[in-house]
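# Examining the three-dimensional arrangement
The chain contents come next:
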Amino acid sequence: MKTATAETLLLGPGPCNISESVREALSRPLLGHLDPGFLEIMESTKAQLRQVFKTENTVTFPISATGSAGMEFLLVNFLEAGDKIVVGVNGVFGGRVAALSEKLGAELIRVEQEWGRAVDTEAFCEVVKRESPKIAALVNGETSTGVCQPMEGVGDACREAGSLLFMDCVTSLAGMPVSVDDWGVDIAFSGTQKCIGVPPGLAPVTVSERALEVYRNRSRPTPSFYFDLDAILAYIDGEGGRSYHHTAPISMVFALDAGLKEILAEGLEARWARHARAADYLRSEMAAFGFSPVVPEGERLNPLTTLYLPEGFDEAAVRSALLRDHGIEVGAGLGPLAGKIWRIGLMAGNAREESVDRLVEALKRELS
Ligand SMILES: Cc1ncc(COP(=O)(O)O)c(C=O)c1O
């Protein structure tokens, strides 16, 4: 039986376990949010985020709230009531972009795909070229299904149509190839609790020059205090001094800085490859129990693997026994996949064979 102080091995859809250096950063003495020492760390975080997003965008920084706030920040600043948006919907998170766009009064055009498959980029690009929306949105790592959405070619279609390309890379960033500038992505957001290996609490975002031009041409001011881009830039950008907008979550920024340093020390390519090896190992080990992949090869998200359950498997009972008796968390299915699949995350430091071995050992004991 797991003790109250033992660390749970977090193999769900995020958060994942954090490293010693991130833990140390979280417990560092606080600085004020305008302290030059803190601002130096914020600047270092912004520079490292540019490397991880693979972008030259000056406007690249962490929003002070979880991943969903990244989505909301991008939509409230770049989409106005009456604007058109085309959204690829093949799971929960594309559905959320669509739902918020409608709440903001935009004209929504959905490009639907069955859950467990990537949106057909050719069909998506055709709709974008036909409709010339303000924004075309795709989820690069759909955590509800385990699909990795190909992005190649979509940026060109968006440029032809005069649209901004929006990308959710919450689950893919730092765990799979993500290349904002090469893909022609204009606005993107992520979260800290997945492959960045930091607790939930910040949403890294990046904004291209093209997107900034669209923002400057808004017909009305952004209808939000907390997410107003100009107001945030007055603090985060620092040009001509910094003015208070909100109190930055100091400890979380320390932690993000530490997490990013680890990522860059490992090297992005090496980190992507480690996530790929761990996911391959997981799929092959779980096959022995009768689990089978939901997503076809070539469309799989390495940081989050989705597997159909074996015949007659009592998923809820085994999942709670894993947590209660073995200190291992795995994720259940969502929406139409609830009760049919498991979602197993191998993210950041957890993307190793040792994590899989622990899970396999525990499963053997539970099933014997
Ligand atoms: C793909 C995707 N987008 C958005 C979010 C929302 O992030 P958060 O839960 O940190 O607000 C998540 C969270 O799991 C996600 O997986």
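Residues numbered from 1 in each chain as written. Predicted model: local features only at pLDDT ≥ 70, side-chain atom pairs only at ≥ 80, totals over all residues.

### Quick notes on the site of the ligand
T66, G67, S68, T143 and V170 are the nearest of the 14 residues found near the ligand. Classifying every residue of the shell around the ligand by side-chain character gives five nonpolar, eight polar and one charged. (Near = placed C-beta within 6 Å. Nonpolar A, V, L, I, M, F, W, Y, C, P; charged D, E, K, R; others polar.)

### Considering the sheet that holds strand β4 (residues 107-112)
Strands sit in the order β2-β10-β9-β8-β5-β3-β4 across an open sheet of seven strands; the sheet is mixed. Here the strands that pair on one side only, and so sit at the sheet edges, are β2 (59-63) and β4. Here the strands of the sheet are splayed against their neighbours by 15° on average, with no regard to which way each runs. Judged from the six bridges that link them, strand β3 (residues 84-89) and β4 form a sheet pairing that is parallel. Looking at β4, one finds that V86 is bridged to I109. Packed onto the sheet, helix α2 (residues 36-53) meets β2, β9 (187-189) and β10 (203-207) and runs at close to 105° relative to β2. (Pairing = 2+ DSSP bridges. Helix = DSSP H or I, 4+ residues; strand = E, 2+ residues; numbered from the N terminus. Axes fitted to C-alpha atoms, helices over the stretch in contact; angles between N-to-C directions. Contact = placed C-beta atoms within 7 Å.)

### What about the nonpolar core?
One recurring pattern in soluble globular proteins is that nonpolar side chains are buried together. Judged by nonpolar contacts, the single largest core of 114 residues is most densely connected at L74, F78, L164, F166, A188 and V205. For this core, the domains that each give at least three residues are domain 1 (9-16 + 267-367) and domain 2 (20-264). (Core = buried A, V, L, I, M, F, W, Y, C linked by C-beta atoms within 7 Å. Buried ≥ 20, exposed ≤ 12 C-beta atoms within 10 Å, placed from the backbone. Domains from an automatic or database assignment.)

### With respect to unusual backbone geometry
Look at the link from G14 to P15: it is a cis peptide, with omega at 10°. Tracing the sequence through the fold places P15 in the loop between β1 (9-11) and α1 (20-26). Unlike most non-glycine residues, S132 shows phi in positive territory, near 40°. In this fold, S132 is placed in the loop between α5 (121-131) and β5 (135-139). The phi dihedral of A174 falls on the positive side, at around 75°, and the residue is not glycine. As for its position among the elements, A174 is in the loop between β8 (164-168) and β9.

### Observations regarding the sheet that holds strand β12 (residues 304-308)
Within the open sheet, the five strands sit side by side as β1-β13-β14-β12-β11. Their pairing is mixed. Each end of this open sheet is capped by a strand with a single partner; those strands are β1 and β11 (292-293). Sheet contacts for helix α10 (residues 268-287): β11, β12 and β14 (341-345); angle to β12, the most-contacted strand, approximately 15°. Packing of helix α12 (residues 353-367) onto the sheet brings it into contact with β1 and β13 (328-332), and relative to β1 it is tilted by some 95°.

### Here we look at the domain arrangement of the chain
Partitioning the chain into domains gives domain 1 (9-16 + 267-367) and domain 2 (20-264). Its C-alpha centre places domain 1 at a distance of 27 Å from the equivalent point of domain 2. Facing the 27 residues of domain 1 at the interface are 27 residues of domain 2. Elements supplying a minimum of two residues to the side of domain 1 that touches domain 2: α10 and β12. Among the elements that line the side of domain 1 that touches domain 2, the one with the most residues is α10, at four residues. When its residues are assigned to classes, the side of domain 1 that touches domain 2 shows 16 nonpolar, seven polar and four charged.

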